[in-house]
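Here's the letter readout for the chains.
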Amino acid sequence: VIHSGQVHAAAMGGNDAFYFNGSMSDASSWKTQTIPTGNGWTVRPTNIPVALDASGKPAIAFFENQADGDQHRYVFWRPGSDPVAVATTNQSTDYPNVALTYGNNKFGVLFAIPMDSKDSDRGIFYAQSSDGTSWSSAAKLPIDGPRTTNPPLDIAINSKGAVTAVFAANSGSAD
């Protein structure tokens, strides 16, 4: 993301995730910061989206596995603060994927992992927050017909607060 001549980016490197920021015109000025994980959690390789709030302050979303356990979670983090769990589950996924956006004074996170053991074919969920510290319960996205929901995915919130989510539906018995 580029805003007011500043670059904000995140990437995986080894077993860590990193946040980069600095002047768009001078990459040698970029600062690198390790994205903190929760105590007892490890970051899992996946995409790491960055979004800016209305004042241009960055936010990042990523996926973690419990180091000694069976839990998995999607996390929201802002530089200078502690990471906050958006959603935690005992369900697993081979293909974690997360999208993050900001619009109409709220953050939206769209993420891929089955959270309902009775409905593992529907694995795309949405949560939102006005402050990044408390999040709504994860809402399962519906699908038209008997199909699965899968990544890749993306999300946007317009200026009136309408949320648009896109995701794959790569198997099932309907078109």
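Residues numbered from 1 in each chain as written. Predicted model: local features only at pLDDT ≥ 70, side-chain atom pairs only at ≥ 80, totals over all residues. Heavy atoms only, no water.

A. Region of interest: the sheet that holds strand β4 (residues 31-34). Spatially, β1-β2-β3-β4 is the arrangement adopted by the four strands of the open sheet, whose pairing is antiparallel. What marks the edges here is a single partner per strand, and that holds for β1 (2-3) and β4. Inspection of the sheet shows strand β2 (residues 6-13) paired to strand β3 (residues 16-23) by eight bridges, in the antiparallel sense. Paired with alanine 10 across the two strands is tyrosine 19, which belongs to β3. (Pairing = 2+ DSSP bridges. Helix = DSSP H or I, 4+ residues; strand = E, 2+ residues; numbered from the N terminus.)

B. Representation of the pattern of salt bridges in the model. Applying the stated rule across the entire model yields two salt bridges. With its nearest N and O atoms 2.7 Å apart, the salt bridge here joins arginine 73 to glutamate 64. On the basis of relative accessibility, which here comes to 0%, the residue glutamate 64 falls in the buried class. (Salt bridge = Lys/Arg side-chain N within 4 Å of Asp/Glu carboxyl O. Buried < 20%, exposed > 50% of the residue type's maximum accessible area, 1.4 Å probe, protein only.)

C. Representation of the pairing of strand β9 (residues 84-89) in the model. Where strand β8 (residues 72-77) lies against β9, five bridges are found, and the strand directions are antiparallel. Residue pairing across strands places phenylalanine 76 opposite valine 84, the latter belonging to β9. Linking two consecutive strands that pair antiparallel, namely β8 and β9, is a turn of six residues; a positive phi of about 95° is found at glycine 80 within it.

D. A look at the sheet that holds strand β12 (residues 124-129). What the four strands build is an open sheet, ordered β10-β11-β12-β13; its pairing is antiparallel. For this open sheet the edge positions go to β10 (97-103) and β13 (139-140), each flanked by a neighbour on one side alone. Of the pairings in the sheet, the one linking strand β11 (residues 106-112) to β12 comprises six bridges and is antiparallel in character. Note that in β12 the partner of leucine 110 across the bridge is tyrosine 126.

E. Summary view of unusual backbone geometry. Of note, the phi angle at serine 4 is positive, near 50°, even though the residue is not glycine. In this structure, serine 4 sits in the loop between β1 and β2. Accessibility expressed as a relative area gives 65% for serine 4, which makes it exposed.

F. View of the packing of aromatic side chains. Scanning the model with the defined rule gives seven aromatic pairs in all. Taken together, a centroid distance of 4.7 Å and an interplanar angle of 50° make the contact between phenylalanine 63 and tyrosine 74 tilted. Remark: tyrosine 74 occurs in strand β8 and phenylalanine 63 occurs in strand β7 (residues 58-66); sequence separation between them is 11 residues. Residue phenylalanine 63 is classed as buried on the basis of its relative accessible area of 0%. By the ring-pair criterion, three or more aromatic residues cluster together here, those being Phe63, Tyr74, Phe111 and Phe125. (Phe/Tyr/Trp six-rings, centres within 6.5 Å; stacked < 30°, edge-to-face > 60°.)

G. The arrangement of the nonpolar core in detail. Of all hydrophobic cores here, the largest spans 18 residues; its most connected members are Phe76, Val86, Leu100, Val109, Phe111 and Trp135. Elements with a minimum of two residues in this core: β7, β8, β9, β10, β11 and β12. Leucine 100 has contacts with Pro49, Val50, Ala51, Ala59, Ile60, Ala61, Phe76, Phe107, Gly108, Val109 and Ile155, leaving out every residue within four places of it along the chain. In terms of nonpolar packing, the next biggest core, distinct from the first, is built from 10 residues, Val43, Ile60, Phe62 and Trp77 among them. (Core = buried A, V, L, I, M, F, W, Y, C linked by side-chain atoms within 4.5 Å. Contact = heavy atoms within 4.5 Å.)

H. Spatial organisation of the pairing of β10. Among the seven residues of β10, six are classified as buried, and the element is accordingly described as predominantly covered. Counted along the chain from β10 to the antiparallel partner β11, the turn is two residues long, and its residue asparagine 104 has a positive phi close to 50°.

I. Just the environment of proline 79, in detail. Checked against the element boundaries, proline 79 lands in the loop between β8 and β9. It is 9.3 Å that separates the C-alpha atoms of proline 79 and proline 36, two residues lying 43 residues apart in sequence. Residues within four places of proline 79 in sequence aside, it is in contact with Tyr19, Gln33, Lys57 and Pro58.

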